[in-house]
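Structural overview for review
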Amino acid sequence: MEALLANVVWADIGQALLDTLVMLGGSLVFSVILGLPLGVILFLTAPRQLLAHRAANAALSFTVNVLRSVPFVILLIVMIPLTVLLVGTSLGVAGAIPPLVVGAAPFYARLVETALREVDRGVIEAAQAMGANPRQIVFGALLPEAMPGILAGATVTAIALVSYTAMAGVVGAGGLGDLAIRFGYQRFQTDVMVVTVLMLLALVQGLQWAGDRLVIKVSRR
């Protein structure tokens with residue numbers, strides 16, 4: 001076994017895993033904080049919705065679509081000046097979080113919008129009949145009804161962020177992706193590549209399992 005993993009330094013693997021988890025956790029929190037209200041606004045300003053506004057919805061949709069269409073590797077490079085301005089560096093874990101958030105928040109916003117669209121129209125009409133204002137409808141009816149879909153969207157976003165953190169290794173962001181590129185690819189250390197890929201797969205499986213359990217728990221309420 002030692003011969004098969006001759007190039008693997010477990011201390012480096014552990015640090016890379018920790019860096020990946022920090023990038024994932026930090027970027028997921030900010031992506032949800034930004035993406036959830038953005039998704040709600042996209043839904044509310046759509047035609048025939050509570051706050052229908054064609055111009056605002058078109059502008060938001062265009063911005064979200066543009067950000068979603070830019071390949072993440074390109075986004076990493078394009079955002080370097082802004083990242084340096086925000087966190088003081090474009091390298092390491094801190095330098096990876098801003099582009100991760102910009103890449104994932106619009107993606108999550110669309111998932112939130114989709115989850116809200118799946119709420120039965122009758123729920124909104126019933127709340128309106130009881131005299132509820134838009135704020136009460138959103139927080140008292142829409143979000144609770146759409147919560148399973150919103151949580152499922154967060155799970156999908158978290159898994160997408162795992163792949164984004166791996167790609168961030170291209171610009172020296174650290175983490176398992178950086179380790180796989182520097183040692184597995186550039187130095188042809190296949191054992192390092194295999195270990196990092198297996199750890200990424202295990203991380204994705206763990207996220208999916210936890211997300212599924214959470215969705216089932218919320219759905220039963």
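The coordinates are above.
Keep in mind that what you see is a predicted model, and the values were worked out from it rather than measured.

1. Notes on the overall build of the protein
Scanning the protein from N- to C-terminus turns up nine helices and zero strands. Traced from its N-terminal end to its C-terminal end, the protein shows the element sequence α-α-α-α-α-α-α-α-α. Going through the 221 residues of the protein one by one, you find that 40% of them count as buried. The contacts in the protein between residues at least 6 apart in sequence include a share of 74% that link residues at least 24 apart. Total accessible area computed for the protein in this model is approximately 11,900 Å², and 68% of it derives from carbon and sulfur atoms. Each charge sign in the protein was given a centre, from 13 positive and 11 negative side chains, and these centres are 10 Å apart.

2. Some thoughts on helix H5 (residues 92–117)
Note that an α-helix has 3.6 residues per turn; residues three or four places apart therefore point the same way. Between its first and last C-alpha atoms H5 spans 38 Å; for 26 residues at 1.5 Å apiece the expected length is 38 Å, and the two agree. Remark: the principal bend of H5, roughly 25°, maps to Leu100. Burial analysis of H5 places 19 of its 26 residues in the buried class, which makes it a mostly covered element.

3. A few points about the packing of helix H4 (residues 80–87) against H5
Relative orientation of the contacting elements H4 and H5 amounts to 120°, with a least axis distance of 9 Å. With respect to H5, the axis of H4 lies oblique. The chirality of how H4 crosses H5 is right-handed. Across the interface between the two elements, Thr83, Leu86 and Val87 from H4 touch Ala94, Gly95, Pro98 and Pro99 from H5. Residue composition of the contact of H4 with H5, by class: five nonpolar, two polar and no charged.

4. Focus on the side chain of Thr20
Relative to the helices and strands, Thr20 resides in helix H1 (residues 10–44). A relative accessible area of 1% means that Thr20 is categorised as buried.

5. A closer look at empty space enclosed by the protein
For the coordinates displayed, the defined rule picks out one cavity of 30 Å³ or more. Of the voids in this model, the largest cavity is the one considered here, and its volume is about 50 Å³. In this structure, the largest cavity is lined by Leu76, Ile80, Thr83, Ser90, Gly92, Gly95, Ala96, Pro99, Val171 and Ala173. Going through the elements one at a time, H4 and H5 are the ones with two or more residues in the lining of the largest cavity. Broken down by element, the lining of the largest cavity gets its largest block of residues, four residues, from H5.

6. A short note on the pattern of salt bridges
Here the structure, examined in full by the defined rule, presents three salt bridges. Taking the shortest distance from any N to any O, the salt bridge between Arg110 and Glu113 comes out at 2.7 Å. Taken together, the residues Arg110 and Glu113, both in helix H5 and three residues apart, mark about one turn of the helix. For Arg110, a relative accessible area of 14% corresponds to the buried category.

7. Describing the packing of H1 against helix H7 (residues 134–168)
Two elements in contact, H1 and H7, have axes whose closest approach is 9 Å; the angle formed by their N-to-C orientations is 140°. It follows from the interaxial angle that H1 and H7 lie oblique. Handedness of the crossing formed by H1 with H7: right-handed. Mapping the contact onto sequence places Thr20, Met23, Leu24, Ser27, Leu28, Ser31, Leu36, Val40, Phe43 and Leu44 in H1 and Val138, Leu142, Leu143, Ile150, Ala154, Thr157, Ala158, Leu161, Val162 and Thr165 in H7.

Rules of the game
- Residues numbered from 1 in each chain as written.
- Predicted model: local features only at pLDDT ≥ 70, side-chain atom pairs only at ≥ 80, totals over all residues.
- Heavy atoms only, no water.
- Helix = DSSP H or I, 4+ residues; strand = E, 2+ residues; numbered from the N terminus.
- Buried < 20%, exposed > 50% of the residue type's maximum accessible area, 1.4 Å probe, protein only.
- Contact = heavy atoms within 4.5 Å.
- Areas by Shrake-Rupley, 256 points an atom, 1.4 Å probe, with all protein chains shown as cover.
- Lys, Arg positive; Asp, Glu negative; His and termini not counted.
- Charge placed at Lys NZ, Arg CZ, Asp CG, Glu CD.
- Expected span 1.5 Å × (residues − 1).
- Bend = angle between axes of the 7 residues up to and from the residue.
- Axes fitted to C-alpha atoms, helices over the stretch in contact; angles between N-to-C directions.
- Parallel < 35°, antiparallel > 145°, perpendicular 65-115°, else oblique.
- Left-handed = near helix turned anticlockwise from the far one by under 90°.
- Nonpolar A, V, L, I, M, F, W, Y, C, P; charged D, E, K, R; others polar.
- 1 Å grid on protein atoms, 1.4 Å probe; cavity = no way out; pocket = protein on both sides within 12 Å on 5 of 7 lines; lining within 4 Å.
- Points joined across faces, edges and corners; volume = space filled by probe spheres on them.
- Salt bridge = Lys/Arg side-chain N within 4 Å of Asp/Glu carboxyl O.

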